[in-house]
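# Coordinates in review
Each chain, written out:
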Amino acid sequence: MTDFLAAALQLTSTSDVDANFSAAEEQIDLAARRGADFIGLPENFAFIGDDQTRLDIASSLSEKCNRFLVTMARRYQIVLLGGGFPVPAADNNRTLNRSELIGRDGQLLGR
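Residues numbered from 1 in each chain as written. Predicted model: local features only at pLDDT ≥ 70, side-chain atom pairs only at ≥ 80, totals over all residues. Heavy atoms only, no water.

## Describing the pattern of salt bridges
This model, assessed by the stated rule, comprises 6 salt bridges. Between Arg 94 and Asp 91 there is a salt bridge, with its nearest N and O atoms 3.1 Å apart. For Arg 94, a relative accessible area of 45% translates into the label partly exposed. Judged by relative accessible area, Asp 91 falls into the partly exposed class, the value being 37%. We note a salt bridge from Glu 100 to Arg 111, for which the minimum N-O separation is 2.9 Å. Here the residue Glu 100 occupies a position in strand S4 (residues 95-102), and Arg 111 occupies one in the segment after strand S5 (108-110), the gap between them amounting to 11 residues. (Salt bridge = Lys/Arg side-chain N within 4 Å of Asp/Glu carboxyl O. Buried < 20%, exposed > 50% of the residue type's maximum accessible area, 1.4 Å probe, protein only. Helix = DSSP H or I, 4+ residues; strand = E, 2+ residues; numbered from the N terminus.)

## Comments concerning helix H2 (residues 51-76)
Residue pairs spaced three or four apart in an α-helix point in one direction, given the helix's 3.6 residues per turn. The terminal C-alpha atoms of H2, which comprises 26 residues, lie only 33 Å apart, well short of the 38 Å expected from a rise of 1.5 Å per residue. The set of residues buried in H2 consists of Ala 58, Leu 61, Ser 62, Cys 65, Phe 68, Leu 69, Val 70, Met 72, Ala 73 and Tyr 76. Where H2 is buried, its residues meet helix H1 (17-33), strand S3 (79-88) and S4. The N-cap of H2, judged by a side-chain oxygen 3.2 Å from the amide nitrogen of Gln 52 a few residues on, is Asp 50. Among the residues trailing H2, Gln 77 stands out with phi positive, at a value near 50°. (Expected span 1.5 Å × (residues − 1). Contact = heavy atoms within 4.5 Å. Polar contact = N/O pair within 3.5 Å; in protein donor to acceptor, adjacent residues only side chain to side chain.)

## Here we look at the sheet that holds S3
The strand order across the open sheet built from 5 strands is S1-S2-S3-S4-S5, with neighbouring strands paired in mixed fashion. Among the strands making up the open sheet, the edge pair consists of strand S1 (6-8) and S5. Going from strand to strand, the sheet's axes swing by 30° on average, the running direction of each strand aside. In this sheet, S4 lies alongside S3 in antiparallel orientation, the contact comprising 7 bridges. (Pairing = 2+ DSSP bridges. Axes fitted to C-alpha atoms, helices over the stretch in contact; angles between N-to-C directions.)

Shown next as structure tokens:
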């Protein structure tokens, strides 16, 4: 097995998705510059807010989260775990929590 450096990031997420992505990228950049090969983002890294807002934005937010994770993994040449973000459930009355593991080339390694 090859050695690697892992970084577990902690964020104080809010209901401002763009600000959360910006804060996450700052931490990803710092960890990558320090040599991290594998970086894990916390659950709800992209959004913390009220239930109705989460339900209202879940579809677009899940797409934005996937694009963000792919972009960051490629940009920083890291393996990136998006700790968890809301996706709409089939009944459209609730959300489910999804994690995605993205490889250096932006490929989905696991969900």
